[in-house]
Amino acid sequence: MSNRLVCLCNLVDENEILSLLKKGANSTSDIQQITRAGTSCGKCLPVIDDLVREFQDKRPKVQQKKLDFGS
Ligand code: FES
């Protein structure tokens, strides 16, 4: 898998963002706070949004539990 530079202003690459998502980062805002990616010119924000969305779409969904009203 290639490792492309996502944020040119702050030198943040795709592998760094994916690694943070795997460790629990949950949003573009989280990525911005941790790496500063997207906090300068902002041109990379759509790419970061896409990476976050793609990662969340691939993540296994937690199955909803049946409600127990204790009747
Ligand atoms: S390219 Fe990411 S803030 Fe400019």
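Scoring rules and cut-offs
- Residues numbered from 1 in each chain as written.
- Predicted model: local features only at pLDDT ≥ 70, side-chain atom pairs only at ≥ 80, totals over all residues.
- Helix = DSSP H or I, 4+ residues; strand = E, 2+ residues; numbered from the N terminus.
- Rg over C-alpha atoms; globule rule 2.2 N^0.38 Å.
- Buried ≥ 20, exposed ≤ 12 C-beta atoms within 10 Å, placed from the backbone.
- Contact = placed C-beta atoms within 7 Å.
- Core = buried A, V, L, I, M, F, W, Y, C linked by C-beta atoms within 7 Å.
- Axes fitted to C-alpha atoms, helices over the stretch in contact; angles between N-to-C directions.
- Parallel < 35°, antiparallel > 145°, perpendicular 65-115°, else oblique.
- Left-handed = near helix turned anticlockwise from the far one by under 90°.
- Nonpolar A, V, L, I, M, F, W, Y, C, P; charged D, E, K, R; others polar.
- Arc of directions from axis to C-beta.

Asker: How would you summarise the overall build of the chain if you had to cite specific residues and measurements?
Answerer: In terms of helices and strands, the chain carries three helices and two strands. The C-alpha atoms of the chain give 16 Å as radius of gyration, which overshoots the globular expectation for 71 residues (11 Å, by more than 25%). Dimensions of the chain, computed from C-alpha atoms along their principal axes, come out at roughly 60 × 25 × 20 Å. Per-residue burial over the chain gives 23% buried out of 71 residues. For the chain, the share of sequence-separated contacts (at least 6 apart) that also reach a separation of at least 24 residues comes to 42%.

Asker: Talk me through the nonpolar core; I want residue IDs and the actual numbers.
Answerer: Counting residues in each nonpolar core, the largest one holds 13 residues, and the members touching the most others are Val6, Ile17, Ile31, Ala37 and Ile48. Not counting the four nearest positions on each side in its chain, Ile17 is found in contact with Val6, Val12, Ile31, Ala37, Ile48 and Leu51.

Asker: Explain the packing of helix H1 (residues 14-22) against helix H3 (residues 45-58) to me, and be specific about the residues and the numbers.
Answerer: Packing of H1 against H3 brings their axes to within 11 Å, and their N-to-C directions diverge by 40 degrees. Considering their axes alone, H1 and H3 lie oblique with respect to each other. The crossing of H1 and H3 is right-handed. Where H1 approaches H3, its residues Glu14, Ile17, Leu18 and Leu21 are matched on the opposing element by Ile48, Leu51, Val52 and Phe55. By residue class, the composition of the contact of H1 with H3 is seven nonpolar, no polar and one charged.

Asker: Account for helix H2 (residues 28-35), with residues named and values stated.
Answerer: For H2, every residue scored as buried is listed here: Thr28, Ile31 and Thr35. End-on view of H2: buried residues confined to an arc of 60 degrees, all on one side of the axis. Opposite the packed face of H2, turned more than 90 degrees from it, sit the exposed residues Ser29 and Gln33. Where H2 is buried, its residues contact strand S2 (12-13), H1 and H3. Downstream of H2 by a residue or two, Arg36 has a phi angle that is positive, lying close to 75 degrees.

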